[in-house]
Amino acid sequence: MNAMTHPYAGDGSHVESYYAASANPSPPRPELTGGNEIDICVIGAGYSGLSTGLHLVEKGYKVAIIEGARVGWGASGRNGGQIVNGLNASLQTIRKRYGQDTAAFVAGLVQEGGEIIRERVRTYGIDCDLKDLNIFAGLTSAHMRELEDRMKLWASYGIRNQQMLDKDQLREHVNSDLYEGGLIDYTGGHMHPLNLALGEAAAFEKLGGTIFEMSPAIHVDTQAVRPVITTPKGVMTCNTLVLCGNAYLGHVVPTLTSRIMPVSTQVMATEPLGGDRAHSLIPQDACVEDIRYILDYYRLSGDKRLLFGGGTVYGGSDPRDIQVKLRPNMLKVFPQLKDVRIDYAWSGNFALSFSRVPQMGRIGDSIYFAHGYSGHGVTGSHTFGRILSEAIDGDRSRFDVFAKVPWYPFPGGRMFRVPYSVVGSWWYALRDRLGI
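None of the values given here were measured: they were computed from a predicted structure.

Caption draft 1: Highlighting the confidence of the model for the protein chain. Chain-level statistics for the protein chain give a pLDDT mean of 89 and a share of 89% at 70 or above. Across residues 415-432 the pLDDT falls below 50, and counting only partners more than four positions away or on other chains, this stretch makes 29 contacts in the model.

What follows is the structure, encoded as structure tokens:
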């Protein structure tokens, strides 16, 4: 299969990561073969597709999910595992661009994704090391002012479960001299992302849903009266199609290609640190991210490793040596780990939209899509899955709000979107280094 037609490579197995090595047992699913028909078909067995599918089967619909590799193969099984409320674009930015009504609408759902995750874990008994607390760390006085403004703005919309932390208070959560302080969100948290995806897939199947793995979509007929999806060995015809391929949909649906850009981010996992040493680093077991443009994010795993991520590569390519790239950043935060061994290092793509606001919409009357979470997909994808299911079930009130939000192509089109974004990234990274 031509790599330009579909981005999956190899045998479709999960990348070698800590998550894959510690994944819960999950059965292989069949490939799509021959001719098939279904009421609703979803492309992509990541969080967006699984959330949409699970909500729909709970409502009684017949749903099939077609996945090009294995469940959770993409960003949903490789990300930092952080439950971070909000979108990439801040509420302040959304209010400035789209008005007070849209900002109030977004504020009303920024915590919904985390609530959905917790409900799924409780209802279906998903074992994914779910924990509470998320901290935003500031390195400069300007960062601290930004966090203070963020807390006040969110409070103005009725979101009051955040608290500012000064330098000493932050040290109770993060044993590092790097930061000036931070902001704690008591409704944030973290979990094992691949096990969450596998658990949601099992719940979907238990309720009658069907998942086909190793079945990349190589053609989607968007003009047919009923959408038709072609895979290497099979065809699926459906009444309603939901496109949730996100950064890994490739060029299968050309009208969506220019809307997003794949961006690679990297994560590594240390050797097990033991309870005492791990506790000395992050005493309250929160997940942490700083608020620079190119940020660090980290947390403890269930078996007391430090999972440390960061970095971006526009266009979705992998860096030559992830450890060389990330280890110096880790040691700036925790110099006490200079002798620690790194057991795993991996990379994965998320889909970046130019506006940093996720996109939701329709192609014709029977094809829905959601993508472009821009690094905030853990919560956003779960929320959008619910909203997509509402729209398909006849309530398009929330769907229509997002569908009407303007989207903008990357300047210069596909050819120049990577260099344009690299220049922008360089500028914001320079601002981070200068502390302005």
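After that view, the rundown keeps rolling.
Caption draft 2: Local environment of the pairing of strand S1 (residues 34-43). Of the strand pairs in this sheet, S1 and strand S10 (residues 234-243) are connected by 9 bridges, and their pairing is parallel. The residue bridging isoleucine 40 from the neighbouring strand is threonine 240, located in S10. Pairing geometry for S1 and strand S2 (residues 63-66), over 4 bridges, is parallel. Bridge pairing in S2 places isoleucine 43 opposite isoleucine 66. Between S1 and its parallel partner S2, the chain crosses via helix H2 (residues 47-58), and the hand of that crossover is right-handed.

Caption draft 3: The pattern of salt bridges, seen in detail. Taken as a whole, this structure holds 20 salt bridges when the rule is applied. Across the pair glutamate 37 and arginine 226 runs a salt bridge whose closest N-O atoms are separated by 3.5 Å. A residue pair is termed long-range when its members are at least 10 positions apart, and glutamate 37 in strand S1 and arginine 226 in the loop between strand S8 (219-221) and strand S9 (228-230) qualify at 189 residues. Relative accessible area serves as the criterion here: at 59%, glutamate 37 is assigned to the exposed category. The partly exposed category is assigned to arginine 226, whose relative accessible area is 28%. Between arginine 398 and glutamate 112 there is a salt bridge whose closest N-O contact spans 2.7 Å. Linking arginine 398 in helix H13 (residues 397-403) with glutamate 112 in helix H5 (residues 112-124), this pair joins segments that are 286 residues apart in sequence. For arginine 398, a relative accessible area of 18% gives the class buried. You can call glutamate 112 buried: its relative accessible area is 8%. Ionic contacts of the salt-bridge type, sharing partners, join the residues Glu271, Asp303, Arg305, Arg341 and Asp343 into one network.

Caption draft 4: Region of interest: the nonpolar core. Ranked by size, the top nonpolar core spans 62 residues in total, and within it Ile94, Leu196 and Val242 carry the most contacts. Among the elements that make up this core, the one with the highest residue count is helix H8 (residues 193-206) (7 residues). Judged by nonpolar contacts, the second largest core, of 28 residues, contains Ala137, Ile184, Val333 and Ile342.

Caption draft 5: Molecular detail of the side chain of serine 301. Locating serine 301 in the fold gives a position in the loop between strand S13 (296-300) and strand S14 (306-314). Of the residues examined, serine 301 reaches a relative accessible area of 2% and is grouped as buried. Within the structure, the side chain of serine 301 is placed 2.5 Å from the side chain of aspartate 303, a separation counted as a polar contact. Residues within four places of serine 301 in sequence aside, it is in contact with Tyr18, Lys131 and Leu307.

Caption draft 6: Spotlight on the environment of glutamine 336. Here glutamine 336 shows up in the loop between helix H11 (322-333) and strand S15 (342-353). Take glutamine 336: its relative accessible area is 33%, and that puts it in the partly exposed class. Along the sequence, glutamine 336 and serine 176 sit 160 residues apart, while their C-alpha atoms lie 9.4 Å from each other. If sequence neighbours within four positions are ignored, glutamine 336 has contacts with Asn175, Arg277 and Leu281. Side-chain polar atoms of glutamine 336 contact the backbone oxygen of asparagine 175, separated by 3.3 Å.

Caption draft 7: Structural detail: the packing of helix H3 (residues 91-98) against helix H4 (residues 100-107). Viewed as axis vectors pointing N to C, H3 and H4 meet at an angle of 150°, and their least axial separation amounts to 7 Å. For the pair H3 and H4, the crossing hand works out as right-handed. Residues Leu91, Ile94, Arg95 and Tyr98 of H3 form the contact with H4, whose participating residues are Gln100, Thr102, Ala103, Val106 and Ala107. Grouping the amino acids of the contact of H3 with H4 by side-chain chemistry returns 6 nonpolar, 2 polar and 1 charged.

Caption draft 8: Seen up close, the packing of aromatic side chains. Under the definition given, this model contains 9 aromatic pairs. Consider the rings of tyrosine 18 and tyrosine 19, whose centres lie 5.9 Å apart with planes at 55°: the pair is tilted. Tyrosine 19 sits in the buried class, given a relative accessible area of 0%. An aromatic cluster of at least three residues, connected via ring pairs, comprises Tyr18, Tyr19, Tyr344 and Trp346. Between arginine 78 and the ring centre of tryptophan 73, over which it is positioned, the NZ or CZ distance is 4.4 Å. The ring of phenylalanine 136 carries arginine 150 above its face, with NZ or CZ at 4.7 Å from the centroid.

Procedures and definitions
- Residues numbered from 1 in each chain as written.
- Predicted model: local features only at pLDDT ≥ 70, side-chain atom pairs only at ≥ 80, totals over all residues.
- Heavy atoms only, no water.
- pLDDT = per-residue confidence, 0-100.
- Contact = heavy atoms within 4.5 Å.
- Pairing = 2+ DSSP bridges.
- Helix = DSSP H or I, 4+ residues; strand = E, 2+ residues; numbered from the N terminus.
- Right-handed = clockwise from strand over helix to strand, strands pointing away.
- Salt bridge = Lys/Arg side-chain N within 4 Å of Asp/Glu carboxyl O.
- Buried < 20%, exposed > 50% of the residue type's maximum accessible area, 1.4 Å probe, protein only.
- Core = buried A, V, L, I, M, F, W, Y, C linked by side-chain atoms within 4.5 Å.
- Polar contact = N/O pair within 3.5 Å; in protein donor to acceptor, adjacent residues only side chain to side chain.
- Axes fitted to C-alpha atoms, helices over the stretch in contact; angles between N-to-C directions.
- Left-handed = near helix turned anticlockwise from the far one by under 90°.
- Nonpolar A, V, L, I, M, F, W, Y, C, P; charged D, E, K, R; others polar.
- Phe/Tyr/Trp six-rings, centres within 6.5 Å; stacked < 30°, edge-to-face > 60°.
- Lys NZ or Arg CZ within 6 Å of the ring centre and 35° of its normal.

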